[in-house]
Amino acid sequence: MAEHTHTPVPWELSGPAALEWGLEPNAADQTDFDFQEIHGADGDLVALVAGKGNAELILRAGNAHDDLLAALEVAERFMAAWLADHSMEEWPLDKYEAIEIARAAIARAKEGV
């Protein structure tokens, strides 16, 4: 697995940033014109995002990524250990699917797949 580097967290939201970037509002619908800047803990610009809701989602995901990944890895190890010690009859199908979903999410979080 390749080591990913990114701007240090926590990230912070600042905006709206349209005028600073020289962006012109869409005359048809100015209510959707709301660009937000996301900056890293080091002050570097991470992203210029259209829409405060989109920016907040990216901000929460970036700031929570490491903790969520760690929690999911612990849950996956627990499920795998339990599964190794019990028969399939004791493990309902939906819980077996849960471990597969957890493993797929871990792979996506680590490798972007």
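The structure we're discussing is the one just above.
Let us look at the structure shown here. (Residues numbered from 1 in each chain as written. Predicted model: local features only at pLDDT ≥ 70, side-chain atom pairs only at ≥ 80, totals over all residues. Heavy atoms only, no water.)

**Things to note about the sheet that holds strand β2 (residues 35-39)**
So, step 1. Spatially, three strands are ordered β1-β2-β3 in an open sheet, and the strand pairing comes out antiparallel. Unpaired on one side and paired on the other, β1 (12-14) and β3 (45-50) mark the two borders of the sheet. The average angle at which neighbouring strand axes cross in this sheet is 25 degrees, direction not considered.
So, step 2. With three bridges connecting them, β1 and β2 associate as antiparallel partners. Bridge pairing in β2 links Ser14 to Glu37. (Pairing = 2+ DSSP bridges. Helix = DSSP H or I, 4+ residues; strand = E, 2+ residues; numbered from the N terminus. Axes fitted to C-alpha atoms, helices over the stretch in contact; angles between N-to-C directions.)

**Focus on the pattern of salt bridges**
Charged atoms that come close allow side chains of opposite charge to pair.
So, step 1. Counting across every chain of the model gives four salt bridges.
So, step 2. Residue Lys110 is joined to Glu73 by a salt bridge in which the shortest nitrogen-to-oxygen separation is 2.7 Å. Placement of Lys110 in helix α2 (residues 93-111) and of Glu73 in helix α1 (residues 52-85) is noted, with a sequence separation of 37 residues between them.
So, step 3. A salt bridge links Arg103 to Glu76, with the nearest nitrogen and oxygen atoms 2.7 Å apart. Of this pair, Arg103 sits in helix α2 while Glu76 is found in helix α1, placing the two residues 27 residues apart along the sequence.
So, step 4. For Arg103, a relative accessible area of 36% corresponds to the partly exposed category.
So, step 5. Three or more residues are tied together by salt bridges with common partners; here these are Glu76, Glu100 and Arg103. (Salt bridge = Lys/Arg side-chain N within 4 Å of Asp/Glu carboxyl O. Buried < 20%, exposed > 50% of the residue type's maximum accessible area, 1.4 Å probe, protein only.)

**Comments concerning α1**
So, step 1. Taking 1.5 Å per residue as the helical rise, α1 with its 34 residues ought to reach 50 Å, and the 47 Å between its terminal C-alpha atoms agrees with that figure.
So, step 2. At His65, α1 shows its maximal kink, close to 55 degrees.
So, step 3. Here α1 has its buried residues at Ala55, Leu59, Gly62, Leu69, Glu73, Glu76, Met79 and Leu83. (Expected span 1.5 Å × (residues − 1). Bend = angle between axes of the 7 residues up to and from the residue.)

**Some details on unusual backbone geometry**
So, step 1. Residue Pro10 follows Val9 across a cis peptide bond; omega there is 5 degrees.
So, step 2. Position of Pro10 among the secondary structure elements: in the segment before β1.

**Considering the pairing of β3**
So, step 1. Here β2 runs beside β3; their pairing, made up of five bridges, is antiparallel. The partner of Glu37 across the bridge, within β3, is Leu48.
So, step 2. Linking two consecutive strands that pair antiparallel, namely β2 and β3, is a turn of five residues; a positive phi of about 90 degrees is found at Gly43 within it.

**Here's the deal with the side chain of Glu37**
So, step 1. Within the secondary structure, Glu37 is located in strand β2.
So, step 2. For the buried Glu37, no salt bridge is present, and the opposite-charge side chain at shortest range is Lys52, 14 Å distant.
So, step 3. Of the polar contacts made by the side chain of Glu37, one reaches the side chain of His39; its length is 2.7 Å. (Lys, Arg positive; Asp, Glu negative; His and termini not counted. Polar contact = N/O pair within 3.5 Å; in protein donor to acceptor, adjacent residues only side chain to side chain.)

Everything listed is a geometric property; what it means functionally is a separate question.
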